[in-house]
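As a plain string of letters, each chain reads:
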Amino acid sequence: FNLFRNERYRQFSQELRLVSARFGGFDYVAGLYFEDQTLDTTSTAIVGPDLGIYPEEVKGIIFGKVDAQSWAAYAQGTYRFSDAWSLSGGLRYSNDQKDVTHSTIGDPFELLLPTYPERKLSRSDSETSPSVSINWTPTANLLGYLSYSHGFKAGGFNVFSITPTDDARYDPEKVDSYELGLKSTLLDGAARLNVALFSLDYKDLQVNQLVLVGGVPRFQTSNAATAESKGAEVEFQWQATEGLLLSASYGYTDANFKSFKNANSAGDDYSGNVLPYAAKNSIHAAATYAAPIGGSLTLQGRVEGNWRDHVYFDPSNDPIATQDGYTTVDARLELSAQAGWSVALWGRNLTDETYALSRT
């Protein structure tokens with residue numbers, strides 16, 4: 001049994017922005033955004049006789065074309081009540097239009113895949129997304145903030161799951177984001193420390209699952225009812241000497257489905273499961289050293305390490321579809337000149353750590 005997929009993708013985007021000069025304690029940015037995308041794709045399934053379903057090799061092909069247009073208008077402004085306090089507010093209106101052309105050529109027995117005539121489907125999603133932030137700057141080296149924003153991701157079609165009786169649609173995803181943070185400059189500007197607490201509340205979270213469609217396994221996007229991701233991030237950077245820069249960061253994330261009943265065709269309940277690819281803990285550390293070596297040349301070396309905690313790859317939290325925590329080490333040595341050229345030798349995953357990007 002083999003599956004092959006071919007895709008051709010084209011994209012164009014354009015953004016126009018108007019940015020104010022700062023005057024009278026108020027400044028703003030406003031803009032328009034447009035994006036046009038076209039995806040031509042085919043999915044071919046081939047079943048050989050060894051499976052015992054057919055006496056000879058058979059093939060079924062799905063044809064899909066997706067035309068998508070997105071445009072948005074937005075504005076954001078900041079008003080300063082005093083040297084220490086300011087308020088930022090923004091609004092964005094988004095509209096997404098998707099048109100799908102779908103057809104299939106079934107296998108001769110029409111058991112693997114029936115032949116479907118060409119169908120054209122359309123959907124349109126729009127959303128108004130606000131944001132607001134209160135900012136506190138008691139000194140030039142300290143910023144505290146509390147922010148809220150509403151996010152939106154358009155819905156769409158599972159092109160390879162469309163049938164004459166099922167449009168295989170999924171709904172838009174929406175999220176409300178809250179963040180409390182502190183950004184600071186220390187040691188006369190030689191160090192920076194940033195701390196943030198965050199909470200994300202998702203509605204109709206879009207998740208990708210491997211499901212059987214007409215007996216054929218396919219990845220399909222569906223909507224979880226609600227989900228939550230909350231945690232903390234800490235970043236530290238220190239210019240220890242003129243040439244040595246040290247940095248480190250730590251992230252903690254607690255991400256779960258709050259409600260996800262009837263999550264698959266078997267009616268399983270994934271409520272309380274961990275979100276896919278959500279590592280509870282992550283650590284990054286790096287050291288960069290740069291020194292002039294004569295004339296206009298500079299030699300710079302950098303070593304960095306990343307550790308990522310255990311993750312699930314599937315909403316079911318199947319113990320097979322997981323990856324245990326692992327560490328990678330990268331390094332880079334670069335020779336650069338003021339004239340603008342540089343030559344670098346770099347290596348990624350120098351400890352040859354083996355880890356999965358996905359498992360199903």
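My aim in this report is to walk through the structure given alongside it, one point at a time. (Residues numbered from 1 in each chain as written. Predicted model: local features only at pLDDT ≥ 70, side-chain atom pairs only at ≥ 80, totals over all residues. Heavy atoms only, no water.)

Bringing the environment of Ala 321 into the picture now. With respect to the element layout, Ala 321 can be found in the loop between strand E17 (311-312) and strand E18 (322-323). Each C-alpha atom of the pair Ala 321 and Leu 350 lies 25 Å from the other, and the pair is 29 residues apart in sequence. Those residues within four positions of Ala 321 in sequence are excluded, and the remaining contacts are Val 311, Tyr 312, Phe 313, Asp 314, Arg 359 and Thr 360. (Helix = DSSP H or I, 4+ residues; strand = E, 2+ residues; numbered from the N terminus. Contact = heavy atoms within 4.5 Å.)

Here the structure, examined in full by the defined rule, presents nine aromatic pairs. Ring geometry for Trp 85 and Trp 136: centres 6.2 Å apart, planes at 35°, overall tilted. Taken together, the positions of Trp 85 in strand E4 (residues 85-105) and Trp 136 in strand E5 (residues 116-139) put the pair 51 residues apart, joining distant regions of the chain. Three or more aromatic residues joined by ring pairs make a cluster, and in this case those are Phe 257, Phe 260 and Tyr 270. Over the ring of Trp 346 we find Arg 348; its NZ or CZ atom is 4.3 Å from the centre of that ring. (Phe/Tyr/Trp six-rings, centres within 6.5 Å; stacked < 30°, edge-to-face > 60°. Lys NZ or Arg CZ within 6 Å of the ring centre and 35° of its normal.)

Along the chain, Glu 35 falls in strand E2 (residues 26-47). One buried charged side chain, Glu 35, makes no salt bridge at all; its nearest oppositely charged neighbour is Arg 92, positioned 8.7 Å away. At 2.8 Å, the side chain of Glu 35 and the side chain of Gln 11 are in polar contact. Engagement of the side chain of Glu 35 in a polar contact is seen with the side chain of Tyr 33, the distance being 3.2 Å. (Buried < 20%, exposed > 50% of the residue type's maximum accessible area, 1.4 Å probe, protein only. Lys, Arg positive; Asp, Glu negative; His and termini not counted. Salt bridge = Lys/Arg side-chain N within 4 Å of Asp/Glu carboxyl O. Polar contact = N/O pair within 3.5 Å; in protein donor to acceptor, adjacent residues only side chain to side chain.)

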